[in-house]
Amino acid sequence: MSQWKPNSDPPKTVAVFRNIVQVASESDKFRRVLWTGRNSQLVIMTIPVGGEIGEERHTVDQHLNFLSGTATAVIDGKREEAVKPGDVVIVPAGTLHNFKNTGATPLIVSTVYAPAEHKADTVHDTMEQGEELEEEGKDEPPSWAKDLHKKP
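Since the model is a prediction, treat every value here as computed from it, not as a measurement.

Analysis parameters
- Residues numbered from 1 in each chain as written.
- Predicted model: local features only at pLDDT ≥ 70, side-chain atom pairs only at ≥ 80, totals over all residues.
- Heavy atoms only, no water.
- Helix = DSSP H or I, 4+ residues; strand = E, 2+ residues; numbered from the N terminus.
- Rg over C-alpha atoms; globule rule 2.2 N^0.38 Å.
- Buried < 20%, exposed > 50% of the residue type's maximum accessible area, 1.4 Å probe, protein only.
- Areas by Shrake-Rupley, 256 points an atom, 1.4 Å probe, with all protein chains shown as cover.
- Lys, Arg positive; Asp, Glu negative; His and termini not counted.
- Charge placed at Lys NZ, Arg CZ, Asp CG, Glu CD.
- UniProt positions renumbered as here; feature names shortened; annotations may be inferred.

A. Structural detail: the overall build of the protein chain. The secondary structure content of the protein chain amounts to 2 helices and 9 strands. Seen in sequence order, the protein chain has helices and strands lined up from the N terminus as α-β-β-β-β-β-β-β-β-β-α. Compactness check: the protein chain gives a C-alpha radius of gyration of 15 Å against a globular reference of 15 Å for 152 residues, within 12% of the reference. If you line up the protein chain on its principal axes, its C-alpha atoms span 40 × 30 × 25 Å. Burial status across the protein chain gives 43% buried among its 152 residues. Per element, the accessible surface of the protein chain, about 8,300 Å² overall, is 50% carbon and sulfur. Put simply, the protein chain has 17 plus and 23 minus side-chain charges, and the middle of one group is 7 Å from the middle of the other.

B. Highlighting the UniProt feature "domain: Cupin type-2" (unreviewed entry) in the protein chain. In the numbering used here, UniProt assigns the feature "domain: Cupin type-2" (unreviewed entry) to residues 44–112. For residues 44–112, the end-to-end C-alpha separation is 9 Å, with 0% helix and 54% strand making up the annotated structure.

Below, the structure written as structure tokens:
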């Protein structure tokens, strides 16, 4: 993971992440931001066996790409849907959701938030740490990443 360093300034060129499955599999952190742009953010997540992302509702859209493991998607606290590697789930802003690891291995997900949801260099060891930092206002995206659709 040492080769992936989050950008702290608005990107000025294309970023290429080779073998995102391997990059995500090598992270033992619950959440790690890989890249933050003016209009979106790439994050990888590793949810331990028996763990979950945690019920949440964002003000941004979220696209989740399931890379390894199996899970149950819980939508609006009621509807459940099984997800597996190769599945993509798109969560529109404002939708209550959670993903629970139902497998015998860690659940590995790459996710894109549009616009950014987290601080550009965010690394959360656990779901609890992430929730605490978010509640304290210490995990806010950079101001330049909140300017959706503004010209650089």
